[in-house]
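A structural walkthrough
Spelled out, the chains give:
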Amino acid sequence: MEYFRVEKAGKHTLRPALSSDNYQDIAGLIYDSDPYIYPYWFDKDRCAGIRTLAKLFTTPGNLYACANISVLVENRSQKPIGVVVAANRHSKLNYDMNDFMINDRAGRAILQSVMAEVELARMAQSNELEITNVCIAERYRGQGIGKWMLRNFLARMGDLGYHRFMLTCLKKNITARELYGRLGFQVTSETEAFANPKIQPPPKALRMEYTMMN
C-alpha cells in the first residue's frame, strides 16, 4: 500500500509499519483482537500464533505483509498500541502457497484462511479499500483512541484517492460495531464469520461499508 503522511495527536502517532518496528508486538495486537479466529488457527497457542504472524510481516505477497499494515505508536516509546491491516486491488497479493516458504501447519493454515479476504481485496475497485483488521491494545480501549486511529486512517487513505471502505465485523462485537457506525459505516449483509466445527452455531459476521463524500 502507498505511504501516507503520519498523523500525530499528543502522545500517539499513526504511520505505516516500518522495518524497525517490533513485529512481535504488532503480531500480539492482531492475535488478541479476535477471540475466535486466531485461537482456532493456532489451537489456542498464543506464542505460536504470534511467531507465525510476525514471520508473515516479512513475507511479501500475503495479507499480513508489512506493506499492508499501519500502526499507532506511543511517541515516547515507539511501542505499537494499535494496528490497521488493509489491502486493495493493487496490493501485491499472491495465491501461490509455495512462494511463501512457510511449511509448518499453522502457517499454511492461516494463509489459506485469509484467501477469502484476499479475493475481496482483489475484487475492489481502484478507489476501494478492504480493511481486514482493526486492533487496539486492551489497556488503551475505551479511551477514544481506536476511533481516532481509524478516523485518521480513513482520512489519510482518502488523501490517496480511496473513497469506499469495506470491512467484516463479528455481529456480537457491539463495541466495534458502534465504533464503525459512528464513523459512518453501514451494514450491507450478514454471513457466518468462518467455519469452525468446534463452535456451534458459527458466529455471525456483518459486512459493513463506508463511502467518503468528496
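It should be emphasised that the depicted structure is a prediction, and the values quoted were computed from it without experimental measurement.

The subject of this paragraph is the environment of G181. Among the secondary structure elements, G181 is positioned in helix α7 (residues 174-182). Given the relative accessible area of 40%, G181 is considered partly exposed. Spatially, the C-alpha atoms of G181 and M208 are 8.9 Å apart, while their sequence positions differ by 27 residues.

Time to look at the packing of aromatic side chains. One pass over the full model with this rule turns up 4 aromatic pairs. An angle of 75° between the planes, with centres 5.5 Å apart, marks the rings of Y23 and F57 as edge-to-face. Residue Y23 is found in helix α1 (residues 23-31), and its partner F57 is found in helix α3 (residues 46-57); the two are separated by 34 residues along the sequence. When sorted by exposure, Y23 lands in the same class as F57, which is buried. Three or more aromatic residues joined by ring pairs form one cluster here, namely F165, Y180, F185 and Y210.

A pair of packed helices is characterised by two quantities: the angle between their axes and the separation of those axes. The interhelical angle for the contact between α1 and α3, taken along N-to-C directions, is 120°, at an axis separation of 8 Å. When the interaxial angle is binned, α1 and α3 end up oblique. Note that α1 runs across α3; the crossing there is right-handed. Touching Y23, Q24, I26, A27, G28, I30 and Y31 of α1 are R46, G49, I50, L53, A54 and F57, all from α3. Across the contact of α1 with α3, the residue classes break down as 9 nonpolar, 3 polar and 1 charged.

Counting 56 residues, the largest nonpolar core has I30, I131, F153, F165 and F185 as its most contacted members. Discounting chain neighbours no more than four positions away, the residues touching I30 are Y38, L53, F57, Y64, V83, V85, N133 and C135.

Strand β4 (residues 80-87) sits mainly inside the fold: 8 of its 8 residues count as buried. With 5 bridges connecting them, strand β3 (residues 69-74) and β4 associate as antiparallel partners. Looking across to β4, one finds that L72 is bridged to G82. Counted along the chain from β3 to the antiparallel partner β4, the turn is 5 residues long, and its residue Q78 has a positive phi close to 60°.

On to the pairing of strand β6 (residues 164-170), then. β6 sits mainly inside the fold: 5 of its 7 residues count as buried. Of the strand pairs in this sheet, strand β5 (residues 128-136) and β6 are connected by 4 bridges, and their pairing is parallel. The residue bridging L129 from the neighbouring strand is F165, located in β6. Between β5 and its parallel partner β6, the chain crosses via helix α6 (residues 145-159), and the hand of that crossover is right-handed. Sheet topology note: the β6/strand β8 (residues 204-211) ladder contains 7 bridges and is antiparallel. Paired with L170 across the two strands is A205, which belongs to β8.

What follows is about α6. The first and last C-alpha atoms of α6 sit 21 Å apart over 15 residues, in line with the 21 Å expected at 1.5 Å per residue. Within α6, 11 of the 15 residues are buried, which leaves the element mostly enclosed by the surrounding structure. All of the buried residues in α6 are I145, G146, W148, M149, L150, N152, F153, L154, R156, M157 and G158. Immediately downstream of α6, the backbone of G161 shows phi near 105°, a positive value.

Moving on: the pattern of salt bridges. Tallied over the entire structure, the rule returns 8 salt bridges. D21 serves as the salt-bridge partner of R15, at 2.7 Å between the closest nitrogen and oxygen. Grouping residues by exposure puts R15 and D21 together as buried. Across the salt bridge formed by R164 and E209, the nearest N and O atoms sit 2.6 Å from each other. Taken as a pair, R164 in strand β6 and E209 in strand β8 lie far apart in primary sequence, 45 residues in all. With relative accessibility at 22%, the residue E209 sits in the partly exposed group. Taken together, the salt bridges that share partners define one network made up of E128, R164 and E209.

What counts as what
Going along each chain's sequence as written, the residues are numbered from 1 onward. The predicted nature of this model means local features are confined to residues of pLDDT at least 70 and side-chain atom pairs, given and counted, to a pLDDT of 80 or more, with totals for whole chains, interfaces and linings taken over all residues. The basis for every side-chain value is the complete set of heavy atoms in the structure, and neither hydrogens nor water enter the calculation. Every helix listed is a DSSP run of H or I at least four residues long, and every strand listed is a run of E at least two residues long, numbered separately from the N terminus. Burial classes follow relative accessibility: with a 1.4 Å probe on protein chains only, a residue under 20% of its type's maximum area counts as buried, one over 50% as exposed, and anything between as partly exposed. Put simply, two rings from Phe, Tyr or Trp (the six-membered ring, in Trp's case) pair if the centres are within 6.5 Å, and we call them stacked under 30 degrees between planes, edge-to-face over 60, tilted for the rest. An axis is simply a line fitted to the C-alpha atoms; with a helix, the fit covers only the stretch in contact. Between two such axes, the angle follows the N-to-C directions and lies from 0 to 180 degrees. Working rule for angles: under 35 degrees goes down as roughly parallel, over 145 as roughly antiparallel, 65 to 115 as roughly perpendicular, anything else as oblique. Here is the rule for handedness: rotate from the far helix to the near one, and if that takes an anticlockwise turn smaller than a right angle the crossing is left-handed, while a clockwise turn gives right-handed. Contact definition: two residues touch when any of their heavy atoms are within 4.5 Å. Only Asp, Glu, Lys and Arg are considered charged, only Ala, Val, Leu, Ile, Met, Phe, Trp, Tyr, Cys and Pro nonpolar, and every remaining residue, Gly among them, polar. We call a set of buried Ala, Val, Leu, Ile, Met, Phe, Trp, Tyr and Cys residues a nonpolar core when their side-chain atoms join them within 4.5 Å. Two strands are counted as paired when DSSP detects at least two bridges linking them. Viewed with both strands pointing away, a crossover whose connecting path from the first strand over the helix to the second turns clockwise is right-handed. Multiply 1.5 Å by the residue count of a helix minus one, and that product is the helix's expected span. The term salt bridge refers to a pairing of a side-chain nitrogen on Lys or Arg with a carboxyl oxygen on Asp or Glu at a separation within 4 Å.

Just geometry here; none of it tells us what the structure is for.
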